[in-house]
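Next come the chains, spelled out residue by residue.
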Amino acid sequence: MPMAMDDTEQQMLVQWCMAAQVFTESEFRQVIQRTYNTEEEEMEEIQPVVEQINSSMGAFSLELRSCMDQTTGTRRWALVNTNADAISTGATPYSASELVTLKTLVVGVFTEKMGNYSLSLHDALRIATKRNGTVAGTLTRAETESLIRKFCSDGWLATDSDDGYVVLGDRSIIELQSFFNVGFADYIRLCSLCKEMATLGIVCMECMEAVHPYCANRLMSASAGQLSCPACNKHIPQLNKFGPGERGVPHALESVAGSVRGESVAASVRGESVGVEEPATQSIKRLCIEDSSDEE
Amino acid sequence: MEEESQASERTATDLVRYALACHASGKPIRRENLKTHVLGNTPTRNTRPLLDRANTLLTQNFGLKMVALPSHEKILTNKAPTATAATKWVLQSTLPDAARQRLELAQTEDQQAILGFATTVLSLVFVSNMSVPVDQLVLYVRKLGPPQCIATAADTRETAEYASDAQMESAAREAIGYLLRQGYLDKVKLGASGGGEHGAETQATQASQLPTDGGDRHDEGMMYTWGPKARIEFQPLDMARFIATATGQECSDEFVKTIGRAYGSNITASQ
């Protein structure tokens with residue numbers, strides 16, 4: 001069990017986390033070890049370190065959070081901002097139009113109607129360059145491609161191995177949990193084994209619970225290659241997959257024809273009037289800066 | 001009184017949050033933006049204590065402090081910036097050197113490329129008595145080859161290998177423009193640079209020997225020198241060590257003296 005960190009050790013770790021942005025748990029263990037300056041290669045227990053950092057970072061609306069790679073099980077960490085108010089968004093590195101494009105793409109990926117949490121590159125370019133009534137002017141296709149690359153480089157988005165699909169990056173999954181919970185709760189899938197958000201995996205058509213590919217492999221290893229739903233114990237054929245390039249399993253609300261809620265969310269993404277403002281629109285606006293006076 | 005004290009602490013905490021957000025974005029912390037986003041209607045007399053408290057919180061929790069960026073006028077007249085006159089700040093680490101070295105702060109490939117490029121360009125300015133004519137620096141950067149990640153124009157990024165003369169010139173100017181915007185370089189009029197008078201005359205002689213075709217007219221008589229960010233982030237002795245490493249030489253006292261002569265001033269261990 002590691003001793004409590006002194007001030008310099010904690011400052012070192014926090015600076016490293018800020019510079020690294022998103023890092024694996026293994027890298028985190030190694031840097032904690034270097035900070036304590038002992039001979040062991042990696043620190044075994046990191047939870048006390050995480051708790052100590054979070055107890056002092058909370059006052060500044062910062063928190064160390066993690067998510068699991070849904071295919072490999074590798075855990076990734078980031079020191080994230082938990083309060084998207086005017087103070088933190090006032091110094092965004094993005095311009096007003098770039099923020100609108102990022103919001104459009106993140107929401108577009110997350111609410112993709114087949115529940116695949118991905119957009120083809122073609123669709124991503126199309127919806128991002130479409131005129132948005134709240135922002136004057138649009139981006140060209142070339143500018144949008146360049147922006148998508150920038151968003152991927154910054155961790156908000158990612159492309160799959162073939163570069164054919166745009167998906168959520170680690171940073172979005174770790175940092176935007178509150179945003180998704182408040183505005184898009186109906187689109188959230190949790191893995192029924194590890195209870196973390198699932199944007200790719202397999203759906204049990206009996207109870208509509210999802211399982212990550214990594215968690216499904218763990219289940220199959222423990223039961224001689226058979227995959228049973230952790231929630232209802234029914235056998236899950238691996239046909240009902242969702243993720244980039246898969247057939248997909250639509251979310252429940254998308255299956256209801258003319259669903260008011262689904263349509264109003266989709267309309268808000270398109271920038272159309274929705275009458276009563278949905279919580280989704282309010283949280284989208286919190287993420288956006290439309291005052292370009294901070295642009296340098 | 002207690003409410004006032006709690007309100008001040010909240011404002012100082014918000015100041016820290018804003019400073020960290022600017023730091024993460026690679027932007028300086030500007031006084032006018034502090035007023036807009038954090039201080040609001042806070043009386044001016046309270047600003048100094050709030051900044052001090054924010055600096056204390058930054059140092060205690062993050063090992064960072066706000067350092068005033070010298071204005072362009074202060075660079076040219078070599079005056080130290082005063083705390084009350086500062087309009088821009090950046091965050092600087094307060095960790096001891098040994099701790100920072102143990103950390104091996106992670107950088108992306110792009111960040112490493114930009115840092116390497118900026119350091120090399122600044123070293124060229126450093127050994128030229130701290131000022132280089134515009135066209136001369138463009139030539140240097142063309143030979144150096146700017147990192148691809150700086151190029152924003154698709155044609156300069158995608159076709160570097162087969163770039164025409166005009167594209168290479170454009171890429172070099174774009175890269176120098178990037179360093180200007182980041183605050184690593186400053187463009188000054190001949191004779192107003194940080195270098196000595198003798199240095200400026202030497203540069204003027206060199207400038208007159210440069211080819212004049214293709215250069216912008218408004219660049220005539222203009223020089224590049226170190227910008228405010230370079231003066232905060234790079235120290236003369238560190239620059240001497242970098243030059244020694246880059247040229248494969250030992251950073252002996254004699255070497256430092258030689259570099260100091262090119263810099264235009266003695267370089268001491270305390271710098």
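Described in the following lines is the structure provided in the data block. (Residues numbered from 1 in each chain as written. Chains lettered and ligands numbered in written order. Predicted model: local features only at pLDDT ≥ 70, side-chain atom pairs only at ≥ 80, totals over all residues. Heavy atoms only, no water.)

### Some remarks on the interface of chain A and chain B
Stated precisely, the cut-off is as follows: We call two residues in contact when some of their heavy atoms are within 4.5 Å. By buried area we mean the combined loss of accessible area, with a 1.4 Å probe, across both parts when two parts are placed together. Criterion for a salt bridge: a side-chain nitrogen of Lys or Arg within 4 Å of a carboxyl oxygen of Asp or Glu.
At the junction of the two partners, chain A supplies 32 residues and chain B supplies 32 residues. Taken over both partners, the interface formed by chain A and chain B buries close to 2900 Å², and the fraction arising from carbon and sulfur atoms is 55%. Counting across the chain A and chain B interface gives one salt bridge. The partner of Asp85 of chain A in a salt bridge is Arg17 of chain B, with the nearest N and O atoms 2.9 Å apart.

### Some remarks on the sheet that holds strand β5 (residues 157–159) of chain A
All names here are of chain A. To be explicit about the condition: In this analysis, strands are considered paired if DSSP registers two or more bridges between them. Secondary structure follows DSSP: runs of H or I at least 4 residues long count as helices, runs of E at least 2 residues long count as strands, and numbering of each begins at the N terminus. Simply put, an axis is a line fit to the C-alpha atoms, just over the touching stretch for a helix, and the angle between two N-to-C directions goes from 0 to 180 degrees.
What the three strands build is an open sheet, ordered β4-β6-β5; its pairing is antiparallel. Two strands lie at the open edges of the sheet, namely β4 (118–120) and β5, each paired on one side alone. Each neighbouring strand pair of the sheet contributes to a mean axis angle of 30°, computed without reference to strand direction. Two strands pair when backbone bridges link them, and β4 and strand β6 (residues 165–168) are joined in this way by three bridges, in the antiparallel orientation. Counterpart to Ser118 in the pairing with β6 is Val167. Strands in contact with helix α5 (residues 96–110) are β4, β5 and β6; relative to β6, the strand with the most contacts, it is inclined by about 95°. Against the sheet, helix α6 (residues 121–129) touches β4 and β6, its axis set at about 90° to β4.

### Some points on the nonpolar core
Put simply, the rule reads: Only buried residues count toward a nonpolar core. Its members are Ala, Val, Leu, Ile, Met, Phe, Trp, Tyr and Cys residues joined through side-chain atoms within 4.5 Å. Think of it in three bands: with a 1.4 Å probe and only protein chains considered, a residue is buried below 20% of the maximum accessible area for its type, exposed above 50%, and partly exposed in between.
Counting 51 residues, the largest nonpolar core has Phe28 and Leu64 of chain A together with Leu15, Ile29, Leu34 and Phe62 of chain B as its most contacted members. The biggest single contributor to this core is helix α1 (residues 2–25) of chain B, with eight residues. Residues contacting Leu34 of chain B, with those up to four places away along its chain left out, are Leu15, Tyr18, Ile29, Leu39, Leu51 and Trp89 of chain B. Listed in part, the 37 residues of the second largest apolar core include Phe110, Leu139, Phe151 and Trp156 of chain A.

### With respect to the packing of helix α6 (residues 109–126) of chain B against helix α7 (residues 134–144) of chain B
All names here are of chain B. Counted only if it meets this: Orientation labels follow simple angle bins: below 35 degrees gives roughly parallel, above 145 gives roughly antiparallel, 65 to 115 gives roughly perpendicular, and whatever is left gives oblique. Each helix crossing is assigned a hand: it is left-handed if the near helix lies turned anticlockwise from the far helix by less than a right angle, otherwise right-handed if that turn is clockwise. Under the grouping applied here, Gly and all other residues not named as nonpolar or charged are polar, the nonpolar ones being Ala, Val, Leu, Ile, Met, Phe, Trp, Tyr, Cys and Pro and the charged ones Asp, Glu, Lys and Arg.
Orientation of α6 relative to α7, taken along the N-to-C sense of each, is 140°, at an axis distance of 11 Å. Relative to α7, the element α6 is oriented oblique. By crossing handedness, the relation of α6 to α7 is classed as right-handed. Together, Phe117, Thr120, Val121, Leu124 and Val125 of α6 and Leu137, Tyr140, Val141 and Leu144 of α7 make up the contact between the two elements. Partitioning the contact of α6 with α7 into residue classes produces eight nonpolar, one polar and no charged.

### Quick notes on the pairing of strand β6 (residues 222–226) of chain B
Residues and elements named next belong to chain B. Judged by how many residues are buried, β6 sits mostly within the fold: five of five residues are covered. Sheet topology note: the strand β4 (residues 132–133)/β6 ladder contains two bridges and is antiparallel. The residue of β6 that forms the bridge with Val132 is Tyr224. Of the strand pairs in this sheet, strand β5 (residues 185–189) and β6 are connected by five bridges, and their pairing is antiparallel. Its bridge partner being in β6, Leu185 is matched across the sheet by Trp226.

### Quick word on the state of the cysteines
Residue and element names in this part refer to chain A. Selection rule: Whenever a pair of cysteine sulfur atoms sits within 2.5 Å, that pair is classed as a disulfide.
Applying the stated criterion across every chain, the model contains zero disulfides over all chains. Here Cys17 stays free of any disulfide, with the sulfur of Cys67 as its closest cysteine sulfur at 15 Å. Cys17 gets classed as buried once you look at its relative accessible area, which sits at 2%. Looking at the unpaired Cys229, the closest cysteine sulfur is the one in Cys207, lying at 3.5 Å.

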